[in-house]
Amino acid sequence: MTREDDRAREEFTSEAEELLDTLSRDLVEFEAQGTGVRPEVVNKIFREIHSLKGLAGMLGFVDISELAHNLEDMLDRLRMGKIAITKDLIDLLYDSVDSLNRLVIAINDPSLGALVDITALTRRIHHIVSAQPEQKSGDPLSELTIDDQTKKSLTEYEEHRLVENVRAGKYILFVEQTFDLADFDEKLRTLTTNLSEAGEVISTLPVLDTSGGNGIAFRLLYGSMLNDAAVAAIAPDARVSSLRKATSPVKTIAEGGPAMPEAPVDDDLSLRSLSQTVRVDIAKLDHVMNIVGELIIERTQLETLTRSHEVQQVRMLSHELTKISRNLDRKLNELQKSVIETRMVPVGQIYSKLSRTVRKVARELNKEIELVLRGEDTELDKMMIEELTDPLMHIIRNALDHGVESADERRAAGKTDRGHITLNAYQQGNSVVLDVIDDGRGIDPEKIRAVAAKRGLIGEKETIDDKRAFELIFTPGFSTASQVSEISGRGVGLDVVKKNIQELKGTIDVVSAPGQGSTFRIILPITLAIIQALIVRAGGEEFAIPLTSVEESLRIYSRDIRTVERREVFTLRDFTLPLLRLADAFGLSDDHEHGPDTKWFVVVTRAGEKTVGILVDALVRQQEIVIKSIGERLKTTPGVAGATEVGESEIVLVIDVGSLIDHFGGRAREARALAHV
Amino acid sequence: MKILVVEDSSSMRAYLATVIEGGTESYELEIVEAASGFEALKTLPHHKFDAILTDINMPDINGLELVSFLKNHPVYKSIPIMVISTESSDEDRRRAAALGAEEYLVKPFQTGDLIDKLRRLLKVA
């Protein structure tokens, strides 16, 4: 087998296992609901078998595909109402899923394959399928006024469900609503879920937004026990219209009856969820995470209370409170850990995408490349993985295009014809490190200096060390015209990559040795959901500084602050630490009295290779915080990562150290320098 | 050229992308993947697609509903569509054609068939 086949087999195995897992749970649901099973459950099982058949067929797993095909045929008849639900049928489904599971395992361990007897299962399936179909007469759809486009868009199964709903005497309604393109999926799912509690959403048809906006409208075909007025109450933003011709009476609930049913009279009204496993929208996890965050705040308050003087006097009570607080703490940590874990996915998820691109780009560039992928099990927050794909792709394209030389060039330099790009992911404390390493021509710091000087990013005569030179390639406007090519010249430079990484609270650096290659290193926090922060006070306001950016904090006096080249600095051991006054950065009045003995606190922070001392009036405390977005308008404010609630509904800004250094370093320095003149 | 592949199975998406990339080496082709009809609707305004390949059986909205929307849309109606489905049902195939889908391919398929149909869709040799 080639590596490609291996990859395909691995992907199939994991998707098939996931499918069969869901299928087993759905079967339990099916069995529990018995003959009154909701059509959605049957259809879900049908779709799962159908997907499995498609996958197995494509990849040539004959046994799985054949068994799935026979099952699909049986389930299709079942959902179309052509065969009845019996105990035999349910037993058969269980046995089949068991066999499918074995067959999937056997893909990787062929010795197990012999234990599965497909012929016996197939015979049982045929026996059930050969039962006489139930005959129904008449064309119930003639009772409806349904337009052609909608009718044509129904699958055969949907049409069958519509017929069944009409036969059962349900109200058949159009529920039409316009949504914003940005979040229609979420809102539509909510609407569908609400409607499903009192009926069946038969079809979901996207239609043009005729209101003139840029949104998208959906027309749901809905069969329900409720009439249009009652449905309009469930879906207040939707237009609800009835499809039944006036002459066709609805059989179940009399017209003019109560707007809402008094009690569930039909299985369709069951509030049970369809499945025990659902794909969780990350927004919902965010919400749970926020609750955890709020609980943590409560816990902090409880802790403060246990230490307070009044309570100390009542020693027993204090003792009890301490115990509760400690227990609460332990449970909270557990909860927090498990919620974070559910958000985690392996980095390997994006590896296959990346390797495809590498193969393709290498072919286009006529270069021979070996892509080495390491650490694919390293886990990272799902949301961050999504956001990481583009920046990573960009760096890899750059490495392919500009880094790795042509075979001739490589041979001349005494290297192998084939270039190597290594992607290595690993965890380091609470961070995940991603290295993109190539063995190409490397980046010449001299060339960077020349380009930077030409573009006015540094002074003509300015000397900068190599480290600073490498940093310059992430500056907006650095990318040169000669660099733009089909592959990496997509109008975005490394400055955008850096911005993307910073938005994820990460850092990016590069080290390179001319002739030997380059390493781009991305460091990201494992999750953005909850972080430890240092709460500080400056200019009368409190701020939160993420502890991941803090190296140490110390107390100094005004007389310790020196000015070197118009920049305030402080000598920290043998290192000259540049200082940044937080109050200045946010334009707050500095109410400090000024004298050589004025006390300050310096929070030594680091973002990537840069270190800066943030000068504040006081260190307040350390605490866990949940970063919340501060809305569109302030989103791009430099130096601010978001806001958080600390203590009793007090909102403080969370500092983004990386962007604070980038944006305020210069300005705060100049303002200070003027004040000293 | 840019094509949109709408398919809810991740391994099937990866397979389709590999086959298409392998069979269309002679010209520049960019594949954008959508894991559902919703994702497809969200991504459509951001690209100019030369062709759309879609599965039928998907959660949320199915392939036929997507085709119906596209073929009734003033901007998207000119994008050629290939429905790739495991549906053996002639009925669904007939419906796809009635809604205006240009090509229909039944899984499992020969890779050559996919590439031929795609070429026809893109009007390239």
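Enquirer: Looking at this structure, how should I read the overall build of chain B?
Expert: In terms of regular secondary structure, chain B is built from five helices and five strands. If you list the helices and strands of chain B from N to C, you get β-α-β-α-β-α-β-α-β-α. Going through the 125 residues of chain B one by one, you find that 42% of them count as buried. Taking the intrachain contacts of chain B between residues at least 6 apart in sequence as the baseline, contacts between residues at least 24 apart amount to 59%.

Enquirer: In this structure, what is going on with the overall build of chain A? I would like to understand it.
Expert: Helices and strands together make up the secondary structure of chain A, namely 21 helices and 22 strands. Across the 677 residues of chain A, 31% fall into the buried class. When contacts within chain A are restricted to residue pairs at least 6 apart in sequence, those whose partners lie at least 24 apart make up 69%.

Enquirer: Sorry if this is basic, but what is going on with the sheet that holds strand β1 (residues 2–6) of chain B here?
Expert: Sheet strands pair by backbone hydrogen bonding; their relative direction is either parallel or antiparallel. Residues and elements named next belong to chain B. The strand order across the open sheet formed by five strands is β2-β1-β3-β4-β5, and the pairing between neighbours is parallel. With partners counted over all chains shown, the strands left at the sheet margins are β2 (30–34) and β5 (103–106), one partner each. Neighbouring strand axes in the sheet, compared pairwise and without regard to direction, differ in orientation by 20° on average. Taken together, the three bridges between strand β3 (residues 51–54) and strand β4 (residues 81–85) define a ladder with parallel strand orientation. Along β4, the bridge assignment pairs T54 with V83. The strands touched by helix α1 (residues 10–23) within the sheet are β1, β2 and β3, with β2 carrying the most contacts at an inclination of about 170°.

Enquirer: Mind showing me how you'd approach the interface of chain A and chain B here?
Expert: Quoted interface sizes are often the accessible area lost when the parts come together. At the junction of the two partners, chain A supplies 30 residues and chain B supplies 34 residues. Those elements that place two or more of their residues in the side of chain A that touches chain B are α1 (3–33), α2 (39–59), α6 (148–153), β2 (199–207) and α13 (348–365) of chain A. Here the side of chain A that touches chain B gets eight residues from one element, more than from any other, and that element is α2(A). Partitioned by chemical class, the residues of the side of chain A that touches chain B number ten nonpolar, ten polar and ten charged.

Enquirer: Sorry, what's going on with the pairing of strand β11 (residues 517–525) of chain A here?
Expert: The side chains of a regular strand alternate, first on one face of the sheet and then on the other. All names here are of chain A. Here strand β9 (residues 431–438) pairs with β11 via eight bridges, running antiparallel. In the sheet register, D435 faces β11, and the bridge partner there is R521. Relative to β11, strand β10 (residues 507–513) runs antiparallel, the two being bridged by seven bridges. Note on β11: the bridge partner recorded for D509 is R521. With antiparallel pairing between neighbouring strands as the criterion, β10 and β11 make up a hairpin whose turn holds three residues, including G515 at a positive phi of roughly 90°.

Enquirer: Is there a simple way to think about the nonpolar core in this case?
Expert: The nonpolar side chains of soluble globular proteins are, as a tendency, buried together. Among the nonpolar cores identified, the biggest contains 92 residues, and A:I64, A:V175, B:L53 and B:V67 are the most heavily contacted of them. It is α2(A) that provides the largest number of residues to this core, a total of nine residues. Not counting chain neighbours up to four residues away, the residues in contact with B:L53 comprise B:I3, B:V5, B:V6, B:L16, B:M82 and B:I84. Ranked by size, the runner-up nonpolar core spans 36 residues in total, among them A:V347, A:I396, A:A452 and A:F474.

Enquirer: Where do I start with the packing of helix α14 (residues 382–403) of chain A against helix α18 (residues 494–503) of chain A in this structure?
Expert: Angle between the axes and distance between the axes are the two parameters that describe a pair of packed helices. Residues and elements named next belong to chain A. The interhelical angle for the contact between α14 and α18, taken along N-to-C directions, is 150°, at an axis separation of 10 Å. Overall, the two elements α14 and α18 adopt an arrangement that is roughly antiparallel. Two packed elements cross with a definite hand, and for α14 against α18 that hand is left-handed. Within the contact between the two elements, α14 uses E387, D390, P391, H394 and I395 and α18 uses V497, N500 and I501. A class-by-class count of the residues in the contact of α14 with α18 yields four nonpolar, two polar and two charged.

Enquirer: Looking at this model, I keep getting lost on the packing of helix α3 (residues 62–79) of chain A against helix α5 (residues 118–129) of chain A. Mind explaining?
Expert: All names here are of chain A. It is the contact of α3 with α5, at a shortest axis distance of 10 Å, that shows an interaxial angle of 15°. With respect to α5, the axis of α3 lies roughly parallel. Regarding α3 and α5, the two cross each other, and that crossing is left-handed. Two secondary-structure elements touch here, α3 through D63, E66, L67, N70, L71, D73, M74 and R77 and α5 through I118, L121, T122, I125, I128 and V129.

Enquirer: Sorry, what's going on with the environment of A:I296 here?
Expert: Residues and elements named next belong to chain A. Mapped onto the secondary structure, I296 falls in helix α10 (residues 282–307). The class of I296 is buried, set by 20 C-beta atoms lying within 10 Å. C-alpha separation for the pair I296 and V646, spaced 350 residues apart in sequence, amounts to 9.9 Å. Once residues lying within four places of it in the same chain are set aside, the contact partners of I296 are L332 and E624.

Enquirer: Sorry, what's going on with the sheet that holds strand β14 (residues 550–557) of chain A here?
Expert: All names here are of chain A. With mixed pairing, six strands are arranged side by side in an open sheet as β14-β18-β19-β17-β16-β15. Among the strands making up the open sheet, the edge pair consists of β14 and β15 (562–564). For this sheet the average axis-to-axis angle between neighbouring strands, irrespective of direction, equals 40°. In this structure, β14 lies alongside strand β18 (residues 599–607), joined through seven bridges in antiparallel fashion. Considered in β18, the bridge of Y557 is made with K599.

Enquirer: Can you walk me through the environment of A:L423 in this structure?
Expert: All names here are of chain A. With respect to the helices and strands, the residue L423 is situated in strand β8 (residues 419–428). Along the primary structure L423 and R374 are separated by 49 residues, whereas in three dimensions their C-alpha atoms are 6.0 Å apart. Leaving out residues up to four positions away in the same chain, L423 has contacts with L354, L373, R374 and V436.

Enquirer: Can you walk me through the pairing of strand β16 (residues 567–572) of chain A in this structure?
Expert: All names here are of chain A. Pairing of β15 with β16 involves three bridges; the strand directions are antiparallel. Each bridged residue has a counterpart across the sheet, and for T563 the counterpart in β16 is E568. The hairpin formed by β15 and β16 contains two residues between the paired strands, and E565 there has a positive phi angle of roughly 50°. Bridge analysis of β16 against strand β17 (residues 575–581) gives four bridges, and the strand direction is antiparallel. Across the sheet, the residue bridging to T571 is T576, located in β17. The loop that links β16 with its antiparallel partner β17 comprises two residues; one of these, R573, has a positive phi angle of about 50°.

Enquirer: What am I meant to see in unusual backbone geometry here?
Expert: A negative phi angle is the norm for most residues apart from glycine, just as the trans form is the norm for most peptide bonds. Residue B:P108 is bonded to the preceding B:K107 through a cis peptide linkage, with omega at -5°. Here B:P108 is to be found in the loop between β5 and α5 (111–122). Phi is positive for A:R566, close to 60°, though the residue is something other than glycine. Here A:R566 is to be found in the loop between β15 and β16. If you check the backbone angles, B:D60 has positive phi at about 70° while not being a glycine. With respect to the secondary-structure elements, B:D60 resides in the loop between β3 and α3 (63–71). The partly exposed category is assigned to B:D60, around which 18 C-beta atoms lie within 10 Å.

Basis of the calculations
- Residues numbered from 1 in each chain as written.
- Chains lettered and ligands numbered in written order.
- Predicted model: local features only at pLDDT ≥ 70, side-chain atom pairs only at ≥ 80, totals over all residues.
- Helix = DSSP H or I, 4+ residues; strand = E, 2+ residues; numbered from the N terminus.
- Buried ≥ 20, exposed ≤ 12 C-beta atoms within 10 Å, placed from the backbone.
- Contact = placed C-beta atoms within 7 Å.
- Pairing = 2+ DSSP bridges.
- Axes fitted to C-alpha atoms, helices over the stretch in contact; angles between N-to-C directions.
- Nonpolar A, V, L, I, M, F, W, Y, C, P; charged D, E, K, R; others polar.
- Core = buried A, V, L, I, M, F, W, Y, C linked by C-beta atoms within 7 Å.
- Parallel < 35°, antiparallel > 145°, perpendicular 65-115°, else oblique.
- Left-handed = near helix turned anticlockwise from the far one by under 90°.

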